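# Close look at the chain arrangement
Take a look at the letters that make up each chain.
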Amino acid sequence: MIEIERKFLVVSDAFKSEAFKQTRIVQAFLNSDKNRTVRVRIKGEQGFLTIKGKSSEDGISRFEWEKEISKSEAEALLNLCEDGMIDKIRYEVKSGAHVFEVDEFLGSNDGLIVAEVELKHVSENFKKPKWLGEEVTGQLKYFNSHLVKNPFKNWSL
């Protein structure tokens, strides 16, 4: 139940032609405390309830528990969530032995594109696609729970 992942900015839209799957995701938070988040997500036609713990110091790993729920249950829970919602399209792209999840944000986070790769252990090597940019692992402003409160449109670039 430990999630190990690294997060990167994306420097081009070349990932779109490499994607083998894309899914619309809408999510919000029942709790967005920095020590634990409780997320409600609708991914395509499926609902999910996810609890995440505080990240490790390097930001690479943290506790994660997820349970699939019905879409109607997720829709009902979204009405109880804190203000703000994340709307994005997730592209899944194979690179070597790994799959990158590339999130193209919409709405108030339009213009932000972030890629994540899940690993089996912290020091695991992986093949970096050419469209992968700066690593932002552990930078709180890129966490979905922070993007709800301080969306990309409000950042001064």
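See the structure above.
The following refers to the structure shown. What you see is a predicted model; the values in this text were computed from it and never measured. (Residues numbered from 1 in each chain as written. Predicted model: local features only at pLDDT ≥ 70, side-chain atom pairs only at ≥ 80, totals over all residues. Heavy atoms only, no water.)

This next bit is on the pairing of strand 7 (residues 98-105). Within strand 7, 6 of the 8 residues are buried, leaving the element largely enclosed by the surrounding structure. Pairing of strand 6 (residues 86-95) with strand 7 involves 8 bridges; the strand directions are antiparallel. For Tyr91, the partnering residue across the bridge sits in strand 7 and is Val102. Inspection of the sheet shows strand 7 paired to strand 8 (residues 113-118) by 5 bridges, in the antiparallel sense. Residue Phe100 lies in a different strand from strand 8, and its bridge partner there is Val117. (Buried < 20%, exposed > 50% of the residue type's maximum accessible area, 1.4 Å probe, protein only. Helix = DSSP H or I, 4+ residues; strand = E, 2+ residues; numbered from the N terminus. Pairing = 2+ DSSP bridges.)

On to the side chain of Thr137, then. Assignment of secondary structure puts Thr137 in the loop between strand 9 (132-135) and helix 3 (144-147). At 2.7 Å, the side chain of Thr137 forms a polar contact with the backbone nitrogen of Lys7. Polar side-chain contacts of Thr137 include one of 2.7 Å to the side chain of Glu135. Among residues more than four places away in sequence, those in contact with Thr137 are Glu5, Arg6, Lys7, Asp58, Gly59 and Ile60. (Polar contact = N/O pair within 3.5 Å; in protein donor to acceptor, adjacent residues only side chain to side chain. Contact = heavy atoms within 4.5 Å.)

Purely spatial values, then, with no claim about function.
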